[in-house]
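Each chain, written out:
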Amino acid sequence: MRRSVLIGALALMQFGCAAVGGSTAPPSVDVSGKWAGTWTFRNPTMGSGDVFMNLKQSGAEASGDLMVTGPTAAEPTYFEGTVSGSSVTLKVPYLSGTLDVSGDEMKGVINGIMPANVSLRRQP
């Protein structure tokens, strides 16, 4: 009896959570292409640098490589995200954060080692 109740509760949680999270707006922007800009830790004394992204978008799914320069320079990092309306939400475990797109500009916060403000422009 306990096992049936547990299975039922787990199924309800799974389907209930899926129903709540399923209401995303369709993409109103295409983020495909090369982007370049700057990043600054929320605490500016911790550092800043340049950021470069090369994105591909298929429907609401976006993915690509991100490279940063500055005190935390690293090899390019692969990431995935979801485009909803004019926002890109980065998926964990790659990175997390949200970037808002307006024309050829993208701004928001990316959470890596520490939260960083990011401002990008689409490149020709």
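The structure reproduced in this document is the subject of the present report. (Residues numbered from 1 in each chain as written. Predicted model: local features only at pLDDT ≥ 70, side-chain atom pairs only at ≥ 80, totals over all residues. Heavy atoms only, no water.)

The helix and strand tally for the protein stands at 1 helix and 8 strands. In the protein, the succession of helices and strands from N to C terminus is α-β-β-β-β-β-β-β-β. For the protein, with 124 residues in total, the buried portion stands at 28%. Taking contacts inside the protein between residues at least 6 apart in sequence as the whole, the part at least 24 apart equals 37%. Summed over all atoms, the accessible surface of the protein reaches about 7,800 Å², with 60% contributed by carbon and sulfur. (Helix = DSSP H or I, 4+ residues; strand = E, 2+ residues; numbered from the N terminus. Buried < 20%, exposed > 50% of the residue type's maximum accessible area, 1.4 Å probe, protein only. Contact = heavy atoms within 4.5 Å. Areas by Shrake-Rupley, 256 points an atom, 1.4 Å probe, with all protein chains shown as cover.)

Further remarks concern the layout of surface pockets. By volume, the largest pocket amounts to about 320 Å³. For the largest pocket, the lining is made up of 17 residues, of which Leu-66, Val-68, Thr-72, Leu-95 and Gly-112 are closest to its centre. Mapped by element, the contributors of at least two residues to the lining of the largest pocket are strand E1 (33-41), strand E3 (61-68) and strand E8 (115-122). Top element by residues in the lining of the largest pocket is E3. It accounts for 3 residues. Partitioning the lining of the largest pocket into residue classes produces 13 nonpolar, 3 polar and 1 charged. (1 Å grid on protein atoms, 1.4 Å probe; cavity = no way out; pocket = protein on both sides within 12 Å on 5 of 7 lines; lining within 4 Å. Points joined across faces, edges and corners; volume = space filled by probe spheres on them. Nonpolar A, V, L, I, M, F, W, Y, C, P; charged D, E, K, R; others polar.)

Membership of the largest hydrophobic core comes to 23 residues, with the highest contact counts inside it found for Val-31, Trp-35, Val-51, Met-53, Leu-66 and Met-106. For this core, the secondary structure elements donating two or more residues are E1, strand E2 (48-58), E3, strand E4 (77-84), strand E5 (87-90), strand E6 (96-102), strand E7 (105-111) and E8. (Core = buried A, V, L, I, M, F, W, Y, C linked by side-chain atoms within 4.5 Å.)

Burial of the side chains of E6 is restricted to one face: Gly-97, Leu-99 and Val-101 are buried, whereas none of Ser-96, Thr-98, Asp-100 and Ser-102 on the reverse face is. Direction of pairing for E5 relative to E6: antiparallel, over a ladder of 4 bridges. Looking across to E6, one finds that Ser-87 is bridged to Asp-100. Taking the residues that link successive antiparallel strands as the turn, the E5-E6 hairpin has 5 residues. As defined by bridge partners, E6 adjoins E7 across 7 bridges and the pair is classed as antiparallel. Of the residues in E7, the one forming a bridge with Ser-102 is Glu-105. In textbook terms, the turn of a hairpin is the stretch between consecutive antiparallel strands, and for E6 and E7 this stretch comprises 2 residues, one of which, Gly-103, has a positive phi near 65 degrees. (Pairing = 2+ DSSP bridges.)

A few words on the packing of aromatic side chains. The geometry of an aromatic ring pair is captured by the separation of the ring centres together with the interplanar angle, meaning the angle of the planes. In this structure the tally under the stated criterion is 1 aromatic pair. Residues Trp-39 and Phe-41 carry aromatic rings whose centres are separated by 4.7 Å and whose planes lie at 75 degrees to one another, so their mutual orientation is edge-to-face. Taken individually, Trp-39 and Phe-41 each receive the classification buried, so the pair is uniform in this respect. (Phe/Tyr/Trp six-rings, centres within 6.5 Å; stacked < 30°, edge-to-face > 60°.)

This part takes up the pattern of salt bridges. Tallied over the entire structure, the rule returns 3 salt bridges. For Asp-104, the salt bridge is made with Arg-122, and the minimal N-O distance between the two is 3.0 Å. Here Arg-122 lies in strand E8 and Asp-104 lies in the loop between E6 and E7, a separation of 18 residues in the sequence. Overall, Asp-104 belongs to the partly exposed group, its relative accessible area being 40%. Its relative accessible area of 24% is what places Arg-122 among the partly exposed residues. (Salt bridge = Lys/Arg side-chain N within 4 Å of Asp/Glu carboxyl O.)

The values reported here are purely geometric and, on their own, carry no functional implication.
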